[in-house]
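Notes for the structure review
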Amino acid sequence: MKLSRLTFALSSIGLFSIATGVLAQVTTTQEDEKKVEKVQKVEVTGSKIKRINYETASPVQVITRDEIVRGGATSLSEVLKTISANQGGIDENRTNGFTAGASGLNLRGIGSQATLVLINGRRLAAYAQPEYQTTFVDLNSVPVGAVDRIEVLKDGASAIYGSEAMAGVVNIILRDNFVGAEISGSISQSQKNDGEQVRTTLSYGFGSLVEDHYNVYATLDIRQRKPMFISKRDDYLSTEDLRPYGYKDNRSLYTFPGNIYWTDKATGKFVSRSLDKNCPANSLVPADTFFGAGTLGTACVFDDLKDASVNSGGKTDRVGLISRGTWQINADTSAFAEIMYNQNKAIVTGLPHWFAGQNGLDTGALPITHPQYPKELIDPVTGKTLAGGNGTVRVRASLKDFPGQGLENTTDFGRYLAGLKGNYSNWDWESALMYNTSKVESKATAGLLSVPFIAAYNSGTFLFGSSAQNADLYKKIVTDSSDNFKSGMYMWDAKVSGELMQLPAGPLSIAIGAEARRETLEVNPSQLSIDGALYHRAQSQPGYTRGRNIASTYAELSVPIFKTLEGQIAGRYDRYSDYGNSTTPKVGLKWNLHPTLLVRGTYATGFRAPTLVENSTQILKAFLSYRDPERCNDKFKNGCQWSSSYESGSNPNLKPETADSFTLGLVWEPATWLNASLDFWQIKRKDEISTFDLTTVLANPGRYAGNPAAVITRDPLSAADKAAGATAGEITNLRLLLTNVATTQVRGLDMDVNANFNLGEYGRINPNLRVTYNHSYKSAPSPEAEAIEYAGSRNQPRVQATAGITWEKAAWKASLDAVHIGHMSSNADFTQPCVFETQGYANLCKDIPSFTTFNLGGSYSGLMKNLKLSFAIRNVLDRMPPFAPSATSTQAIAAITSLHDVVGRYFQITVDYKFK
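Now for a look at the structure at hand. Think of each chain on its own: its residues are numbered from 1, step by step along the sequence as written. Reporting in this predicted model follows two pLDDT cut-offs: at least 70 for local features of residues, and 80 or more for side-chain atom pairs to be given and counted; totals over whole chains, interfaces and linings ignore these cut-offs and use all residues. Hydrogen atoms and water are omitted, and side-chain values are computed over all heavy atoms in the structure.

1. Points about the packing of aromatic side chains
The line we're drawing: Stacked, tilted and edge-to-face are the three classes assigned to paired rings of Phe, Tyr and Trp, where Trp is represented by its six-membered ring and a pair needs centres within 6.5 Å; plane angles under 30 degrees give stacked, over 60 edge-to-face, the rest tilted. When a residue's accessible area, from a 1.4 Å probe over protein chains only, is under 20% of the maximum for its type it is buried; when over 50% it is exposed; and in between it is partly exposed. Helix numbering and strand numbering both begin at the N terminus, where a helix is a DSSP run of H or I of at least 4 residues and a strand a DSSP run of E of at least 2.
This model, assessed by the stated rule, comprises 32 aromatic pairs. Note on Phe 206 and Tyr 214: the rings are 6.1 Å apart at their centroids and 75° apart in plane angle, and the pair reads as edge-to-face. Per residue, the accessibility class of Phe 206 equals that of Tyr 214, and both read buried. Ring geometry for Phe 453 against Tyr 535: centres 4.9 Å apart, planes inclined by 55°, an arrangement best described as tilted. Separated by 82 residues along the polypeptide, Phe 453 in helix 7 (residues 450–459) and Tyr 535 in the loop between helix 9 (527–530) and strand 23 (544–562) bring together distant segments of the chain. Take Phe 453 and Tyr 535: they sit in the same class, and that class is buried. Linked through ring pairs, Phe 355, Phe 402, Phe 453, Tyr 457, Phe 462, Phe 464, Tyr 474 and Tyr 535 together constitute an aromatic cluster.

If you want it as structure tokens, here you go:
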């Protein structure tokens, strides 16, 4: 019987047969496991050498399972995005990107590519769909239910885990084994009555490693969340009309049903009005708001946030399975296998289709034969236009009566691993084979077919704002299109660690390892996108398939120099089939200066070869909204809110990035109830792969003249625009290619304080505090330019912190956690004048205030044996992000969403039951 169960377990670890009747019959054998528990060496993130002492030369933050769940987090991204060392990253709730539902870290703020994410010490395949050219590991591909703890290594670890680990490593540790059965269910909802979420986790494991010599467990994690809408948020979060809050009206000229404007022949000035002359009074503004002083008429404006269905968080459906089987072959050898499968479906809705009609566009100026052409501009005798200038009537409209644009991303993530490990004498060894894949189907919903739509516009059969008239047209021209992406990783690795010899101060320990992997990437855009058949949706290049091989070896020595002084020496050699060789060393020292005081420090180098996306030849196209400073001035406003084609391209001529990192710190434990650490860190990255900052390029075009990585294409300045005050023609295309921009250097301090107090009959409390002080963030806008200090600027707060306190007594538990984002300047570049001041809003040049949210949690397990009831309230005070409008983007809401949470107060109730 046992043999058949073991055979089944190792051949098909996935356990979907977790029925309630079976759960009730499971009996735990965890007591058996305790019989064989003993003090043993463990592998700590930051070193491949197993050791008894958990402290190493590298600073490591450990996030326990209790910390993961007590604040109501239901995904790894919700846990990790709040750690003080993280700065922004890929946000799963974004509605204006390509990677809907995916989430990535950005340790130290130097890019997701510089953070290495591991599971049980082994790397993961990149998320298949790039965010433009940015690749990252999707945190939402790992079901949180099976995570035992997370270890965040806060120094360069290129020599140990991978040459690209410049900013650090996030090592997600899964349960090693589990016996019994658990079920957990939770329901959640925001205070705004949206974002309703239901989550269920089932865990089942059988087999005692002591008696049966095997263990198999599986965790099934299911989560469904409904969308959240920005229009339900308060005040400045849900509107583009920011006048009541001290800024300008950012509502758009792209309204419903539309605006038209032309040049008056007599005066040479723009004249503007709404198409149907029925604009609501609260949406009617003077035309000079958009076209500058002296413009005649009015414009009807549209609030993209209030009047459309923009998500503050999309709809998501996730199902994830993690399963592990272990077979204790004999006392010294065991076999193991792991299966991880996760499917994430994310749906976001955004802005309605927009329409621009003027010369030079696919949809040209409004035809004089169109039924909605202004009758007052048609000469009754000649039938020709009476408009001045170039004689055209231009159109700006929101096609709100068409189905809104959306994005449905379905991600299938699979990780399959099998290996052997064991020990011989004082040596430990392990080897495994792994296959890891990420597949993404990205469906763009409710696209418009260009040819029939443009034909309907030109012929006048399409009418702006006439839903009934356009009903049959909808059926002919509205379509979905799907792009498909797949990334894969095949890997074999082997390592051995142990003691080489005994030195006077202790054993000389070594770890050596080898790794071979193949990385692949397939990109398959829809044929409609390749053909450019979708209206105002950028044309895609044909798909491509790429791959490369990487072979690596590494070695690490732990050298006891004195009884109180230990050295770490490590080196890694990588050979890339497309980028040659790299060698990345690391050295570290750990000095027990006193039984209560430890001094530690590391120096490491890094090497990041361009990814398969970055070094391809693909040019991605999109439409981008921005402020054009060459056209938007005191006299001319037709450029303050502008959109045009945008190209962001790969570059096969990229050089690899390199980095040097340095840490120096203290660990102090004056008593058993208190320990604290303070670490200085610095990372210098050279030949950084990125695109130039668009705002900087537009503000200083002369600096980038002739640079193929930054090209601005404009139409000639028309006489009418020049007479109205414009100094440059309209931008028709922006092209920012990836390039080795320059050097970035960041440095700062991390402080970590943990305490525990026994209050006797009043229970136990455990406070903790983690603070990151970003002292400097220097980067250059181009290789020839001097580095600019960005620390403290917009999106670069100097201080980020988390603090928490837990109280526990018998069956009761309570926790309060705070997440703090420090104040920062409203100016994104200290070398440039404050843009708000040049716009006439000098009051907004002051700092953006700090933002602190509190998460409250509690549980009670005394109602029934093996039953625990929990609650959590995120952002318990319902704090709104500080007012922080963007001076350059018309699509940004009044908050820095990569750092600030706009969801508001969020409630959760959880029930856990263990079957024993």
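What follows continues from the structure just given.
2. With respect to helix 8 (residues 467–477)
Applicable threshold: Think of the arc as the fan of directions from the helix axis to the C-beta atoms. The contact criterion used is simple: two residues touch if any of their non-hydrogen atoms lie within 4.5 Å.
When helix 8 is considered as a whole, its buried residues turn out to be Asn 470, Leu 473, Tyr 474 and Ile 477. On an axial view of helix 8, the arc spanned by its buried residues comes to 120°, and they lie on one face. In helix 8, the exposed residues that point more than 90 degrees away from the buried face are Ala 468, Asp 472, Lys 475 and Lys 476. The elements touched by buried residues of helix 8 are strand 20 (427–448), helix 7 and strand 21 (478–503).

3. With respect to the state of the cysteines
Put simply, the test is: Any two cysteine sulfur atoms lying within 2.5 Å of each other are counted as a disulfide.
Counting across every chain of the model gives two disulfides. Disulfide partner of Cys 279: Cys 300, at an S-S distance of 2.1 Å. Measuring handedness by torsion sign, the sulfur bridge of Cys 279 and Cys 300 sits at about 80° and is right-handed. Of the two residues, Cys 279 is situated in the loop between strand 11 (270–274) and strand 12 (284–286) and Cys 300 in strand 13 (residues 296–300); the sequence distance between them amounts to 21 residues. For the pair formed by Cys 279 and Cys 300, the shared burial category is buried. One disulfide in the model links Cys 834 with Cys 845; its S-S distance is 2.1 Å. Of note, the bridge from Cys 834 to Cys 845 carries an S-S torsion of about -100° and is left-handed in sense. You can see Cys 834 sitting in the loop between strand 40 (812–821) and helix 12 (835–838) and its partner Cys 845 sitting in the loop between helix 12 and strand 41 (851–860), a full 11 residues away along the chain. When its relative accessible area of 10% is taken as the criterion, Cys 834 is described as buried.

4. Brief notes about empty space enclosed by the protein
Just so we agree on the cut-off: Only protein atoms enter the calculation, which uses a 1 Å grid: trapped sets of points that fit a 1.4 Å probe without letting it out are cavities, open sets showing protein on both sides within 12 Å along at least five of seven lines are pockets, and any residue with an atom within 4 Å of a point is a lining residue. Grid points are joined across faces, edges and corners, and a volume is the space filled by probe spheres set on the points. Polar here means any residue other than Ala, Val, Leu, Ile, Met, Phe, Trp, Tyr, Cys and Pro, which are nonpolar, and Asp, Glu, Lys and Arg, which are charged; Gly is therefore polar.
In total, this model carries nine cavities of 30 Å³ or more according to the counting rule given. Computed from the structure, the largest cavity encloses a volume of approximately 540 Å³. Lining the largest cavity are 32 residues, and of these Ala 126, Thr 135, Glu 164, Glu 519 and Thr 611 lie nearest its centre. Contributions of two or more residues to the lining of the largest cavity are made by strand 2 (115–119), strand 21 and strand 22 (506–524). For the lining of the largest cavity, the element with the most residues is strand 22, which contributes four residues. Of the residues contributing to the lining of the largest cavity, the split by class is 17 nonpolar, nine polar and six charged.

5. Focus on the nonpolar core
Operational definition: Buried residues of nine kinds, namely Ala, Val, Leu, Ile, Met, Phe, Trp, Tyr and Cys, make up a nonpolar core once their side-chain atoms join them within 4.5 Å.
Among the nonpolar cores identified, the biggest contains 41 residues, and Leu 80, Ile 150, Val 170 and Ile 172 are the most heavily contacted of them. Listed by contribution, the elements that provide at least two residues to this core are helix 5 (76–80), strand 2, strand 4 (147–153), strand 5 (168–174) and strand 30 (674–686). In this structure, Ile 150 is in contact with Gln 61, Val 62, Ile 63, Ile 68, Leu 76, Val 79, Leu 80, Val 170 and Asn 171, ignoring residues within four places of it in sequence. Core analysis: the next-biggest nonpolar cluster, separate from the first, contains 24 residues, Tyr 373, Ala 397, Phe 453 and Phe 464 among them.

6. Observations concerning the pattern of salt bridges
Selection criterion: Should a side-chain nitrogen of Lys or Arg be within 4 Å of a carboxyl oxygen of Asp or Glu, the pair is scored as a salt bridge.
Summed over the entire model, instances satisfying the criterion amount to 46 salt bridges. For Asp 493, the salt bridge identified is with Arg 122, shortest N-O distance 2.8 Å. With a gap of 371 residues between them, Asp 493 in strand 21 and Arg 122 in strand 3 (residues 122–123) connect regions that are remote in the sequence. For the pair Asp 493 and Arg 122, a shared accessibility class is recorded, and that class is buried. With a shortest N-O distance of 3.2 Å, Asp 752 and Arg 770 are connected by a salt bridge. Of the two residues, Asp 752 is situated in strand 35 (residues 744–755) and Arg 770 in strand 37 (residues 764–779); the sequence distance between them amounts to 18 residues.

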